[in-house]
Amino acid sequence: MTTAQPLDVQPTPLALLLLGREADPKSERGVECPGDLPSPSDPDLVERARAAKEKLGDKVFVLGHHYQRDEVIQFADVTGDSFKLARDAAAKPEAEYIVFCGVHFMAESADILTTDDQKVVLPDLAAGCSMADMATAEQVAECWDVLTEAGVAEQVVPVSYMNSSADIKAFTGKHGGTICTSSNAKRALDWAFEQGEKVLFLPDQHLGRNTAVRDMGLSLDDCVLYNPHKPNGGLTVEELRNAKMILWRGHCSVHGRFSLDSVNDVRERIPGVNVLVHPECKHEVVAAADYVGSTEYIINTLDAAPAGSKWAIGTELNLVRRVANAHPDKEIVFLDKTVCFCSTMNRIDLPHLVWTLESLAEGNLVNQIRVDEETESFAKLALERMLALP
Ligand code: SF4
């Protein structure tokens, strides 16, 4: 088993400066983000985590999402986005325990794709995802009733982003739809429009809108926004009948922070900068960016960028900081002036990881994430449709 080399858990002052800290202290006031990275845990815990992991040997496989903090990532056997990690876990059937350093929906996906003998563990059960929580099973069932009453449900194919709960994936599978990632969203929409005339895109409105308008040539007028907190989603029957894309009103709290001002500001501050953003960002941000793509695309683009090039990145801070530290020959800055990371993802810290590994090493299974059989079978159907996408 290969284990990632330990990393320095302290961010370098240069990286923090480049990434925005103290660039404009005024703009850091009154925002949700603390304007600083979470402080590293007690270094003694590093030794305890190492010992527990060694004791578990091949029985444990630790998955580290790209947005995790360094002190956790150093113990990951593999790193990646949520779908890659779930597939990596499925390719390791000999690992009895899959410790998912990510958020709840990711652990559910890993449970769906792994064997019944493998137990998926989330080190902190409070590590959720605001976007996934924006679409509940009840709300989506109600939406389907609205579409049925409007006489359009039969023409609608649901497409759900990987960042959704197992319930929503199951709903998607049950209603003939597919899952997508930020890398294959266009292929998923191409497929969906071959199956039906309209798409219900869940739960990230921005990925849905950006893919439809930027990659597929639809217009903004082809898209309507379904608000689960309003009667009939806040839409008239006519609007539903005319729409091609019915976008769920959900978003990522991290990527939703970037604004057109962030783009204009960085272009002014750093002449010649390339703006590279994730498609979970708002449409006006994506439209103003030079490059748009998934987390893997962002990493690969920066790896391949020439020395001396300048980049402003619109995605989660831990990832941007790691890539910036790995490429000191390039100027890589966080797109926003404030320092903002995914706070739920960052609930997985070293103390939680140590507790998990030590518990497992002592034979106590903790924080297991299990998806019930029926949900799993329909969610798997939707995931299999994604895997079969041309
Ligand atoms: S970065 Fe956004 S989509 Fe990803 S886990 Fe955090 S809140 Fe959810």
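Summarised in this report is the structure supplied together with it. (Residues numbered from 1 in each chain as written. Predicted model: local features only at pLDDT ≥ 70, side-chain atom pairs only at ≥ 80, totals over all residues.)

## Details of the overall build of the protein
- The helix and strand inventory of the protein stands at 17 helices and 13 strands.
- Buried residues in the protein amount to 51% of all 390 residues.
- Intrachain contacts of the protein at a sequence separation of at least 6 include 69% that bridge at least 24 residues. (Helix = DSSP H or I, 4+ residues; strand = E, 2+ residues; numbered from the N terminus. Buried ≥ 20, exposed ≤ 12 C-beta atoms within 10 Å, placed from the backbone. Contact = placed C-beta atoms within 7 Å.)

## Some thoughts on the sheet that holds strand S4 (residues 119-121)
- Taken in spatial order, the 4 strands of this open sheet run S2-S1-S3-S4, and their pairing is parallel. This sheet does not close on itself; its edge strands, each paired only once, are strand S2 (78-80) and S4. Strand-to-strand twist across the sheet, computed as the mean angle between neighbouring axes with direction ignored, equals 25 degrees. (Pairing = 2+ DSSP bridges. Axes fitted to C-alpha atoms, helices over the stretch in contact; angles between N-to-C directions.)

## A word on the site of the ligand
- By nearness alone, 13 residues border the ligand, and Cys129, Met131, Cys252, Val254 and Cys342 come closest of all.
- Residues belonging to the shell around the ligand are distributed by class as follows: 8 nonpolar, 4 polar and 1 charged. (Near = placed C-beta within 6 Å. Nonpolar A, V, L, I, M, F, W, Y, C, P; charged D, E, K, R; others polar.)

## Digging into the sheet that holds strand S12 (residues 310-314)
- Here 4 strands make up an open sheet; going across it, the order is S11-S10-S12-S13 and the pairing parallel. Edge positions in the sheet fall to strand S11 (291-292) and strand S13 (331-334), since each of these pairs with one other strand and no more.
- Pairing between S12 and S13: 4 bridges, direction parallel. Bridge assignment links tryptophan 311 to a residue of S13, and that residue is isoleucine 332.

## Re the pairing of strand S10 (residues 274-277)
- Where S10 lies against S12, 4 bridges are found, and the strand directions are parallel. Bridged to valine 277 within S12 is glycine 314.
- Relative to S11, S10 runs parallel, the two being bridged by 2 bridges. When the sheet's bridge partners are listed, leucine 276 is paired in S11 with tyrosine 291.
- Assessed by its sense of winding, the connection that carries the chain from S10 through helix H13 (residues 283-288) to S11 is right-handed. (Right-handed = clockwise from strand over helix to strand, strands pointing away.)

## Remarks on the nonpolar core
- In this structure, Leu63, Ile98, Phe100, Ala110, Val199, Ile246 and Val277 are the most contacted members of the largest nonpolar core, which totals 116 residues.
- Sort the elements by how many residues they give to this core and helix H5 (residues 104-113) lands first, with 6 residues.
- If sequence neighbours within four positions are ignored, isoleucine 246 has contacts with Val156, Lys198, Val199, Leu200, Phe201, Val224, Tyr226 and Leu240. (Core = buried A, V, L, I, M, F, W, Y, C linked by C-beta atoms within 7 Å.)

## Quick look at the environment of glycine 233
- When you line up the elements, glycine 233 lands in the loop between strand S8 (223-226) and helix H11 (237-242).
- The exposure class of glycine 233 is buried, given the 23 C-beta atoms found within 10 Å.
- Sequence separation between glycine 233 and leucine 147 is 86 residues; the distance between their C-alpha atoms is 9.8 Å.

## What to know about helix H8 (residues 166-174)
- Across the 9 residues of H8, 8 count as buried, placing the element largely inside the fold.
- Along H8, the residues that are buried comprise Ala166, Asp167, Ile168, Lys169, Ala170, Phe171, Thr172 and Gly173.
- Where H8 is buried, its residues touch H5, helix H7 (137-149), strand S5 (156-161), strand S6 (178-180), strand S7 (198-202) and helix H17 (373-387).
- With its phi angle positive at about 75 degrees, glycine 176 sits one or two positions after the end of H8.

## Details of the packing of helix H4 (residues 82-90) against H5
- It is the contact of H4 with H5, at a shortest axis distance of 9 Å, that shows an interaxial angle of 35 degrees. For the crossing formed where H4 meets H5, the hand is right-handed. Within the contact between the two elements, H4 uses Ser82, Leu85, Ala86, Arg87, Ala89 and Ala90 and H5 uses Met106, Ser109, Ala110 and Leu113.
- Along the lines of polarity and charge, the residues of the contact of H4 with H5 split into 7 nonpolar, 2 polar and 1 charged. (Left-handed = near helix turned anticlockwise from the far one by under 90°.)

## A word on helix H10 (residues 205-215)
- Summarising burial for H10: 8 of the 11 residues are buried, a large majority.
- Of all the positions in H10, only Gln205, His206, Leu207, Gly208, Arg209, Asn210, Thr211 and Ala212 are classed as buried.
- Here the buried face of H10 lies against S5, helix H9 (185-195), S7, S8, strand S9 (245-248) and H13.
- A positive phi of about 80 degrees marks glycine 217, the residue just after H10.

## Things to note about the environment of lysine 53
- Its place among the elements puts lysine 53 in helix H2 (residues 44-56).
- Along the chain, lysine 53 and glutamate 358 lie 305 residues apart, while their C-alpha atoms are 8.0 Å from each other.
- Setting aside residues no more than four positions away along its own chain, lysine 53 makes contact with Val60, Phe75 and Leu357.

## Section: the environment of methionine 216
- You can see methionine 216 is positioned in the loop between H10 and S8.
- C-alpha of methionine 216 to C-alpha of leucine 189: the two residues are 27 residues apart in sequence and 8.5 Å apart in space.
- Filtering out sequence-adjacent residues up to four positions away, methionine 216 remains in contact with Lys186, Leu189 and Thr211.

## A few points about unusual backbone geometry
- Here the amide bond leading from leucine 202 into proline 203 is cis, since omega sits at -25 degrees, within 30 degrees of zero.
- For asparagine 232, which is not a glycine, the phi torsion comes out positive at approximately 55 degrees.
- A positive phi angle, close to 50 degrees, is found at asparagine 367, a residue other than glycine.
- In this fold, asparagine 367 is placed in the loop between helix H16 (350-361) and H17.
- Judged by the 20 C-beta atoms lying within 10 Å of it, asparagine 367 is buried.

That is the geometry; function is a separate question.
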